[in-house]
Amino acid sequence: MYFDRDADLADLAGETVAVIGYGVQGRAFAANLRDSGLRVLVGNRDDAYRDAARADGFAPLPIADAVERASAVLLLIPDEAHPEVYDAQIAPHLGDGDLFVLAHGFSVRFGRIRLPIEADAALLAPKMFGRPIRRHYLEGTGVLAFLDVLQDPTGRALRRTLAVAKATGFTRRGVMPVPHAQETELDLFQEQFLTPLLMDGFKMAFDVLVDAGYDPVPALLDMYASGEMAEMMTEAATVGLYEVIAEQGSPTCRFGVQRRLGTLLGDDVEAKARKILGEIRSGAFAAALEEEAGAGYPSLDAYDAMAGASGVARAHERYRAALDPRPAVG
Ligand code: NDP
């Protein structure tokens, strides 16, 4: 594991860093790198994201121009757009000895881009979405990240990538060496198994409670909206998954948890987990993602429609409305 003491911003002395893409990750990376004193350029197409970069005080450039002017390039656009953007606007402008950084191993793991021959290349994958990356940085802390040096013609790829990790705040929390194929597959599996499993669990609990006549808003609060479950996971990240219940749960809670643990998921769920992992590793998921992107993301529209129409969403709206402060009387 690498920490602040293992990284030195001087390893990027005199360099200009180009942040390509100004979305979830790009915005957080760019702000943290700038606040750490690095020279940062933002590269983006001319649209709403570029306007956001401008509003944040950057002078965004077309992607190819930003790559041309920089010696370290961070590619922070969606994975399925990498091949097209990389081939046309990045690879031709990467110079010998430049540093090229990805925030997810997807494009390399599935052979969607070919790394530049004479440039350093590394994976620096934050295990967090963008807003907390920025928030932790401002609070003087950081988020965990995985790192893998993909190629190292200068012999300085690790030092330079650690400097990026320090400037983003990641080494305050810890940067772990993890091979890019593992980072990719772990991340996809978490997204495709654990996240939907938890969401379906919440939805099932909600439906059972509402069907049984409970008011949806307190049901929602008990499930996730109070933040108790989130705090439990935050605690678990420090003390351990089982230990958090042992340490913080009342005897009633501990008895209830242990009584049901291991009884709720059947063999078919484990078989589904293995199938999902198989599809990730075989590249079947990567192909499906590209097909989805090529068709204009119809499934994502369907997700939005499903989410908007769900009882959970309606209960959440009611709960948010109840939180709004009432106008002062008189
Ligand atoms: P976003 O969807 O937020 O990226 C949006 C940015 O990408 C915008 O600047 C957008 O600009 C640009 N973009 C999208 N499509 C294109 C295109 N075809 N050509 C040029 N620019 C394009 O992505 P994320 O920040 O979520 O992800 C970026 C990288 O970070 C990915 O590799 C992802 O796997 C990784 N990552 C993401 C995490 C997350 O929490 N979101 C966590 C860890 C890693 P435009 O206006 O031009 O569309």
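Residues numbered from 1 in each chain as written. Predicted model: local features only at pLDDT ≥ 70, side-chain atom pairs only at ≥ 80, totals over all residues. Heavy atoms only, no water.

**Q** Just to check I follow, could you spell out the packing of aromatic side chains for this structure?
**A** Given two aromatic rings, one states the distance between the centres and the angle between the planes to describe the pair. Enumeration according to the criterion identifies 6 aromatic pairs in this entry. Both rings, one in tyrosine 22 and one in phenylalanine 58, keep their centres 6.0 Å apart while their planes meet at 70°; by these two values the pair is edge-to-face. With tyrosine 22 in the loop between strand S1 (16-20) and helix H1 (24-35) and phenylalanine 58 in the loop between helix H2 (48-55) and helix H3 (63-69), the pair connects residues that are 36 residues apart, well separated along the chain. Residue class for phenylalanine 58 comes out buried when judged on its relative accessible area of 7%. An angle of 50° between the planes, with centres 5.4 Å apart, marks the rings of tyrosine 86 and phenylalanine 100 as tilted. Note that tyrosine 86 is positioned in helix H4 (residues 82-90) and phenylalanine 100 in strand S4 (residues 99-102), a separation of 14 residues in sequence. (Phe/Tyr/Trp six-rings, centres within 6.5 Å; stacked < 30°, edge-to-face > 60°. Helix = DSSP H or I, 4+ residues; strand = E, 2+ residues; numbered from the N terminus. Buried < 20%, exposed > 50% of the residue type's maximum accessible area, 1.4 Å probe, protein only.)

**Q** Could you clarify how one ought to interpret the sheet that holds strand S7 (residues 175-177) in this entry?
**A** Overall, mixed pairing links the 7 strands, which are arranged S2-S1-S3-S4-S5-S6-S7 in an open sheet. What marks the edges here is a single partner per strand, and that holds for strand S2 (39-43) and S7. Taking each pair of neighbouring strands and ignoring which way they run, the sheet shows an average axis angle of 25°. Alignment of strand S6 (residues 145-151) against S7, held across 3 bridges, turns out to be parallel. If you follow leucine 147 over to S7, its bridge partner there is proline 177. Running at roughly 165° to S4, H4 makes contact with S1, strand S3 (72-75) and S4 of the sheet. (Pairing = 2+ DSSP bridges. Axes fitted to C-alpha atoms, helices over the stretch in contact; angles between N-to-C directions. Contact = heavy atoms within 4.5 Å.)

**Q** Hey, could you run me through the nonpolar core in this one?
**A** If you look at soluble globular proteins, the nonpolar side chains tend to sit buried side by side. If you look at the biggest cluster of nonpolar residues, it comprises 32 residues, and the most contacted ones within it are Leu33, Leu74, Leu124 and Phe170. Contributing elements (two or more residues each) for this core: S1, H1, S2, S3, S4, S6 and helix H7 (157-168). Ignoring anything within four residues of it in the chain, the contact list for leucine 74 reads Val17, Ala18, Val19, Ile20, Phe29, Leu33, Val101 and Val164. Judged by nonpolar contacts, the second largest core, of 21 residues, contains Leu75, Val85, Ile113 and Ala121. (Core = buried A, V, L, I, M, F, W, Y, C linked by side-chain atoms within 4.5 Å.)

**Q** I'm lost on the site of the ligand in this one. Help?
**A** Taken together, 22 residues surround the ligand, and among them Tyr22, Asn44, Arg45, Asp47 and Tyr49 come closest. In this structure, glutamine 25 approaches the ligand through a main-chain N or O atom, which is 2.8 Å from an oxygen atom. At 2.5 Å from an oxygen atom of the ligand is found a side-chain nitrogen or oxygen belonging to asparagine 44. Every element with two or more residues in the shell around the ligand is listed here: H1 and H4. (Near = heavy atom within 4 Å. Polar contact = N/O pair within 3.5 Å; in protein donor to acceptor, adjacent residues only side chain to side chain.)

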